[in-house]
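# Fold and geometry: a report
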Amino acid sequence: MRFTKDHEWVTLEGDVATVGITAYAAEQLGDVVFVEVPEAGKAVKTGDNLAVVESVKAASDIYAPVSGEVIEGNAGLGDAPETVNDQPEKAGWFAKIKIADQAEYEALMDRAAYEDFLQSL
Amino acid sequence: MSDDNLKTTPLNAAHIAAGARMVPFAGYSMPVQYKDGVMKEHLWTRENAGLFDVSHMGQARLRGVSPLSAFEEVTPGDFIGLKPGKQRYSILLNKKGGIIDDLMAARPDDDGLFVVVNGACKDNDFKIIDDELAGQVRIDRLEDRALLALQGPKAAAVLADHAPEAATMVFMDARSITAFGADAIISRTGYTGEDGYEISIPASEAERVWNTLLADDRVKPIGLGARDSLRLEAGLPLYGHDVDETVSPVEADLAFAVSKKRREARDFPGAARISKELAEGVSRKRVGLTVLEGAPAREGAEIADEAGNVVGVITSGGFSPSLGKPIAMGFVPPALAVAGTKLKVIVRGKPQSAEVTAMPFVPHRYVRKL
């Protein structure tokens, strides 16, 4: 699993990256009440808006941590947005992206580096 | 996170010790939430008693010759008719009939009029009142007082343990009494739609009173996040969002604040516009909306009719913890302001179904008689 400074996590199987937000991010957001996930076929570049996650108080954009084509949004979050709080780094994933360049994944932080980053905040 | 330019309330250390997330609000560093988060804090207040620090709000005494009649020069309320021990919601009007701020004004004792205004507006409000009423009365700001709100169905039982007299008050009563061993100004009111009190106390006593109330198992500290979702469910407008200097009380559905006596006398700022609107109607009106599908519609989202024509804008909105769905307030033409009217809210470019809904969204539970 790799991480971004925007508190997203990414796992890679073959050329398919699964993207979600970290437990830290989920805790910071508070109770998630709505998630807008991308539709399959959407092309994204690193830093593009990928999804929107809403708490009682505010809407937060989730940015694509890697470039590629979305092959699936997590439809399960439609009826159960609280999954993002309950299992942020498992069932609470947002989207699967067929990545264009594996080097983008390799360049992200590993868990140790992310933990160090959290300590620095 | 800290910002040297932000003011702090007398309860700043208590908030930080309680694990609050502090944010800038109205020039102050204020708790937006504590450890439980907005959802739990909101629901706790609806079921138990929530304690809020609202010391950023402006407290003042209007003193001098005939402060009640003087106050009528800047508001459309019947303050000459305000009885001792009572409080009234009112609005400060500009000469064009726009709302400079909304406020509470009370006669808790014989010392003039006790006024509480919004934190973000207080410097401007008090200057306007002082300038407009110069020579008759003066504003004495009570900078050395904190303001707490205790809200929820258990608030009355909790406060009765510390201030038995508070239990004898009803909604919109206000009294200067000794509570917690301090000089307190207590009113039975609030900004959540629940029964509850606002408690003004000397700043030097604030932390002790705060901790005394929190020692009660029925009470938890509640941040500004839940304060906002609670007032939204209660249908109460938020100054600077739902109402501002361009909005009249008639448009804002606050015409109840324009008293019968004053309507007849037409002797308040902006009376020409407001009288015309009362007689002939308005072109936009504040309404409640229930969002029937999709994401919460927040401030700035457009409102469209079923044909897709933009007819208005959302002025505040979010997710209702009590109802489990998104709700909002916004302005639409009167023809579309009827409860049950089907509209669209445009969120991130997508039209979502919404329906005009009578406010409050969650029934008020004020104690109007004992």
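Residues numbered from 1 in each chain as written. Chains lettered and ligands numbered in written order. Predicted model: local features only at pLDDT ≥ 70, side-chain atom pairs only at ≥ 80, totals over all residues. Heavy atoms only, no water.

Moving on, we get to the interface of chain B and chain A. With 17 residues of chain B at the interface, the matching set in chain A holds 13 residues. The junction of chain B with chain A conceals about 1,300 Å² of combined surface from both sides, 51% of it contributed by carbon and sulfur atoms. Interface area lost by chain B to chain A is led by R21, R298 and R348 of chain B, which between them contribute 41%. Summed over the shared surface of chain B and chain A, the result is four salt bridges. A salt bridge links K350 of chain B to E36 of chain A, with the nearest nitrogen and oxygen atoms 3.5 Å apart. Contributing elements (two or more residues each) for the side of chain B that touches chain A: α2 (37-47), α7 (224-233) and β16 (310-320) of chain B. Considered class by class, the residues forming the side of chain B that touches chain A number seven nonpolar, four polar and six charged. (Contact = heavy atoms within 4.5 Å. Buried area = accessible area lost by both parts, 1.4 Å probe. Salt bridge = Lys/Arg side-chain N within 4 Å of Asp/Glu carboxyl O. Helix = DSSP H or I, 4+ residues; strand = E, 2+ residues; numbered from the N terminus. Nonpolar A, V, L, I, M, F, W, Y, C, P; charged D, E, K, R; others polar.)

As a further point, take the domain arrangement of chain B. Residues and elements named next belong to chain B. Along its sequence, chain B is organised into domain 1 (12-56 + 144-233) and domain 2 (283-357). Taken over C-alpha atoms, the centre of domain 1 sits 31 Å from the centre of domain 2. The interface of domain 1 with domain 2 comprises eight residues on the first partner and 11 residues on the second. Between domain 1 and domain 2 the total buried area reaches about 690 Å² when both faces are included, carbon and sulfur atoms providing 70% of it. Viewed at the interface, domain 2 and domain 1 are joined by zero salt bridges. (Domains from an automatic or database assignment.)

Residue and element names in this part refer to chain B. Position of R46 relative to the elements: it lies in helix α2. Relative accessible area serves as the criterion here: at 8%, R46 is assigned to the buried category. Side chain to side chain, R46 and E233 meet in a polar contact 2.9 Å long. With sequence-adjacent residues up to four places away left out, R46 is seen in contact with P153, T192, E194, L230, E233, A234, S322, V362 and R365. (Buried < 20%, exposed > 50% of the residue type's maximum accessible area, 1.4 Å probe, protein only. Polar contact = N/O pair within 3.5 Å; in protein donor to acceptor, adjacent residues only side chain to side chain.)

This part is about the nonpolar core. Residues and elements named next belong to chain B. Counting residues in each nonpolar core, the largest one holds 35 residues, and the members touching the most others are L289, A297, I303, I314 and V345. When residues of this core are assigned to domains, at least three map to each of domain 1 (12-56 + 144-233) and domain 2 (283-357). Excluding anything up to four places from it in sequence, V345 contacts L289, V291, A297, E302, I303, I314, K350, P351, Q352 and A354. Counting 30 residues, the second largest nonpolar core, distinct from the first, contains A146, M169, Y197 and A206. (Core = buried A, V, L, I, M, F, W, Y, C linked by side-chain atoms within 4.5 Å.)

Moving on, we get to the layout of surface pockets. Empty space within the second largest pocket amounts to approximately 700 Å³. Looking at the second largest pocket, it is lined by 31 residues, and the ones nearest its centre are E27, Q28, L29 and G30 of chain A together with R21 of chain B. The greatest single-element share of the lining of the second largest pocket, amounting to five residues, is contributed by helix α1 (residues 23-29) of chain A. Tallied by class, residues from the lining of the second largest pocket come to 15 nonpolar, eight polar and eight charged. (1 Å grid on protein atoms, 1.4 Å probe; cavity = no way out; pocket = protein on both sides within 12 Å on 5 of 7 lines; lining within 4 Å. Points joined across faces, edges and corners; volume = space filled by probe spheres on them.)

Residue and element names in this part refer to chain B. The terminal C-alpha atoms of helix α6 (residues 203-214) lie 17 Å apart, and with 12 residues this matches the ideal 16 Å at 1.5 Å per residue to within 8%. Of all the positions in α6, only A206, V209, W210 and L213 are classed as buried. Seen end-on, α6 carries its buried residues on one side only, within an arc spanning 105°. Tucked into the core, α6 has its buried residues touching α1 (12-17), β3 (49-53), β9 (145-151), α5 (155-160), β12 (196-202) and β13 (219-221). (Expected span 1.5 Å × (residues − 1). Arc of directions from axis to C-beta.)

Across the junction of M359 of chain B and P360 of chain B, the peptide omega takes the value 5°, indicating a cis bond. Mapped onto the fold, P360 of chain B is located in the segment after β19 (350-357).

When you tally the buried positions in α2 of chain B, you get eight out of 11 residues, the bulk of the element. Considered for burial, the residues of α2 of chain B that qualify are G37, V38, M39, E41, H42, W44, T45 and R46 of chain B.

What follows concerns empty space enclosed by the protein. Residue and element names in this part refer to chain B. Tallying each qualifying case throughout the model produces one cavity of 30 Å³ or more. Here the largest cavity is characterised by a volume of approximately 50 Å³. What lines the largest cavity is simply Q87, M104, F114, V116, L147, I185, I186, S187, E198, I199 and S200. Broken down by class, the residue content of the lining of the largest cavity amounts to seven nonpolar, three polar and one charged.

All names here are of chain B. Spatial ordering of the open sheet is given by β10-β11-β12-β9-β3-β13, a layout of six strands whose pairing is mixed. A strand with exactly one partner marks an edge of an open sheet, and here the two such strands are β10 (174-179) and β13. The average undirected angle you get between the axes of adjacent strands in this sheet is 25°. Pairing of β3 with β13 involves three bridges; the strand directions are parallel. Pairing of L51 across the sheet is with P221, part of β13. Lying on the sheet, α2 is in contact with β3, β9 and β13; it crosses β3 at an angle near 120°. Across the face of the sheet, α6 comes into contact with β3, β9, β11 (182-187), β12 and β13 while running at roughly 140° to β12. (Pairing = 2+ DSSP bridges. Axes fitted to C-alpha atoms, helices over the stretch in contact; angles between N-to-C directions.)

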